[in-house]
Amino acid sequence: MVVETSQRGSQRLHYLEDEIIRLQEAHLYQELFVLEGKQQVDCVIEGKRVLNFSSNNYLGLTTHPALIKAAHEGIDSHGVGTASVRTIIGTMDIHEELERQLAEFKHTESTLVLQSGFMANTAVITSILEDGDVIISDALNHASIIDACRMMKQIPTKVFAHKDMNQLEDLLKATQSANRRLIVTDGVFSMDGDIAPLPEIVALAEAYNAIVMVDDAHASGVLGKNGRGTVNHFGLDGRVDVQVGTLSKAIGAMGGYVAGPEVLRKILINKARPFLFSTSHPPSVVLTCMAALKVLQNEPALIERLWENTQYFKAGMQRIGYDANSETPIVPVIVGSSEKAKLLSQRLFEEGIYGRAIVFPTVARDKARIRIIVTAAHTKTHLDQAVATFEKLGKELAII
Ligand SMILES: *Cc1c(COP(=O)(O)O)cnc(C)c1O
């Protein structure tokens, strides 16, 4: 009986097979690679020991002893879950304490933590705009921003070419009659590793009286003093209205947050649907994030090593003929077609280097790449090994 039921179900979804075949033919089909054990540099994936160059574990915090200890303590003091959304009985003392610490860290009046960075972007964009407003968005913004804009069907989204300040200004001029303008940009662009021209964006926003929102997912824990993000990196504290950060990347755990004035926090608590209708963070995660903030303050050597390693790796790649230019530890090794990117990724894996191919729709069809992320946890030996492997395979596949 059970078998019969499940077969009937699967037959009705059979049409999806055609889409899978289309994806496979276009070299866009993805399989999951399973990590056996911890998220760390020296790891085992699909039974093979490899050096990991694909995680967002910028500072190696996923396995930091202080964070692991904090997670255990969170379970001991507050249990494993909250069993409620924040607005009913899912706000514990530790949630508010984390938000106070994040606000202090970000030099903002307040913060609000959401389940993820994705949800934080959704929360802001779907909560602060009204009919008559316009969103102005960088072409390479993260999918979570794009999706949030799409959810706001009644609000037009105007897209400017990536980091094109002339186009941004043109859009600001063309939308003078709008009620309000929201300029939204990634702080660090996740697939290219470049930094948004925030000083120019802020100057234009001030000239044209637009709201500025920066999504600092890849800058949290990476850029600015103690990893405060791009706003602090550019000395723009107090001049950006909304900052989104993630707790899921360099911070090593899970979550997102919105940093800004108290009025923003209040409106999100009342209006943001991911906040209102999805359960709050388990205590282990909350305490882990607080421990991470402490590490950012007390161990600045981690961020120094991250940047030292980044320079070292890029210099090595440039020496052997790769165009490894980016402004952050994200190093896009662009190879062109998704087929070639997947082949290079496969060969890297065979040679003991884990660097995932990033293909359409995450990046443009002809800009498929291996995205390398250098971390503080890599040693010089790891970095040398990666460069040597890229040299061998770059020649083998006629990339360099
Ligand atoms: C990763 C990422 C997010 C999503 O953050 P999560 O906490 O993983 O949901 C949002 N914006 C950008 C730019 C990102 O790179």
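**Some thoughts on the overall build of the chain**
Helix and strand content of the chain: 15 helices and 14 strands. For 400 residues, the compact-globule formula gives about 21 Å, and the C-alpha radius of gyration of the chain, at 22 Å, lands near that figure. Relative to its 400 residues, the chain shows a buried fraction of 52%. Of all intrachain contacts in the chain linking residues separated by at least 6 positions in sequence, the fraction that spans at least 24 positions is 71%. As presented, the chain carries roughly 18,400 Å² of accessible surface, and 53% of it is formed by carbon and sulfur atoms. Within the chain, the 47 negative side-chain charges are centred at a point lying 1 Å from the centre of the 40 positive side-chain charges.

**Section: the domain arrangement of the chain**
Examined at the domain level, the chain breaks down into domain 1 (24-53 + 300-396) and domain 2 (64-298). Put simply, the middle of domain 1 and the middle of domain 2, counted by C-alpha atoms, are 27 Å apart. In this complex, domain 1 contributes 17 residues to the contact, which on the side of domain 2 involves 19 residues. Inspection of the region where domain 1 meets domain 2 yields two salt bridges. Across the pair Lys163 and Glu327 runs a salt bridge whose closest N-O atoms are separated by 4.0 Å. Applying the counting criterion to the domain 1 and domain 2 interface returns seven residue pairs in polar contact (both at pLDDT 80 or more). The biggest single contributor to the side of domain 1 that touches domain 2 is helix α13 (residues 300-319), with five residues. Among the residues making up the side of domain 1 that touches domain 2, the classes are represented as 11 nonpolar, three polar and three charged.

**Points about the site of the ligand**
Lining the immediate surroundings of the ligand are 15 residues, of which Gly117, Asp215, Thr246, Ser248 and Lys249 lie closest. The side chain of His218 places a nitrogen or oxygen atom 3.1 Å from an oxygen atom of the ligand. Measuring from an oxygen atom of the ligand, one finds a side-chain N or O atom of Ser248 at 2.6 Å. Element by element, the count of residues in the shell around the ligand is highest for helix α5 (residues 117-127), at three residues. For the shell around the ligand, the class distribution of residues is two nonpolar, 10 polar and three charged.

**A few points about the pattern of salt bridges**
Under the counting rule described, the total for this entry stands at 20 salt bridges. For Asp194, the salt bridge is made with Lys163, and the minimal N-O distance between the two is 2.9 Å. Of this pair, Asp194 sits in the loop between β7 (181-186) and α8 (198-208) while Lys163 is found in the loop between β6 (157-160) and α7 (165-174), placing the two residues 31 residues apart along the sequence. Relative accessible area serves as the criterion here: at 28%, Lys163 is assigned to the partly exposed category.

**Overview of the layout of surface pockets**
Which parts of space are left empty comes out when a probe the size of a water molecule is rolled across the atoms. Within this model, the largest pocket holds a volume of roughly 1,200 Å³. Ser190, Met191, Ile358, Thr362 and Arg371 are, among the 44 residues lining the largest pocket, the residues nearest its centre. At the level of secondary structure, the elements contributing two or more residues to the lining of the largest pocket comprise α6 (143-151), β13 (357-358) and β14 (368-373). The biggest single contributor to the lining of the largest pocket is α6, with four residues. For the lining of the largest pocket, the residue count by class is 19 nonpolar, 15 polar and 10 charged. Here the lining of the largest pocket spans two domains, since at least three of its residues come from each of domain 1 (24-53 + 300-396) and domain 2 (64-298).

**Section: the sheet that holds strand β12 (residues 353-354)**
The mixed open sheet is built from four strands, whose spatial order is β1-β2-β3-β12. In the strand order of this sheet, the two ends are held by β1 (35-36) and β12, each with one partner. One ladder, built from two bridges, connects strand β3 (residues 48-52) with β12; its direction is parallel. Bridge pairing links Leu51 to Ile353 in β12.

Quick notes on the rules
- Residues numbered from 1 in each chain as written.
- Predicted model: local features only at pLDDT ≥ 70, side-chain atom pairs only at ≥ 80, totals over all residues.
- Heavy atoms only, no water.
- Helix = DSSP H or I, 4+ residues; strand = E, 2+ residues; numbered from the N terminus.
- Rg over C-alpha atoms; globule rule 2.2 N^0.38 Å.
- Buried < 20%, exposed > 50% of the residue type's maximum accessible area, 1.4 Å probe, protein only.
- Contact = heavy atoms within 4.5 Å.
- Areas by Shrake-Rupley, 256 points an atom, 1.4 Å probe, with all protein chains shown as cover.
- Lys, Arg positive; Asp, Glu negative; His and termini not counted.
- Charge placed at Lys NZ, Arg CZ, Asp CG, Glu CD.
- Domains from an automatic or database assignment.
- Salt bridge = Lys/Arg side-chain N within 4 Å of Asp/Glu carboxyl O.
- Polar contact = N/O pair within 3.5 Å; in protein donor to acceptor, adjacent residues only side chain to side chain.
- Nonpolar A, V, L, I, M, F, W, Y, C, P; charged D, E, K, R; others polar.
- Near = heavy atom within 4 Å.
- 1 Å grid on protein atoms, 1.4 Å probe; cavity = no way out; pocket = protein on both sides within 12 Å on 5 of 7 lines; lining within 4 Å.
- Points joined across faces, edges and corners; volume = space filled by probe spheres on them.
- Pairing = 2+ DSSP bridges.

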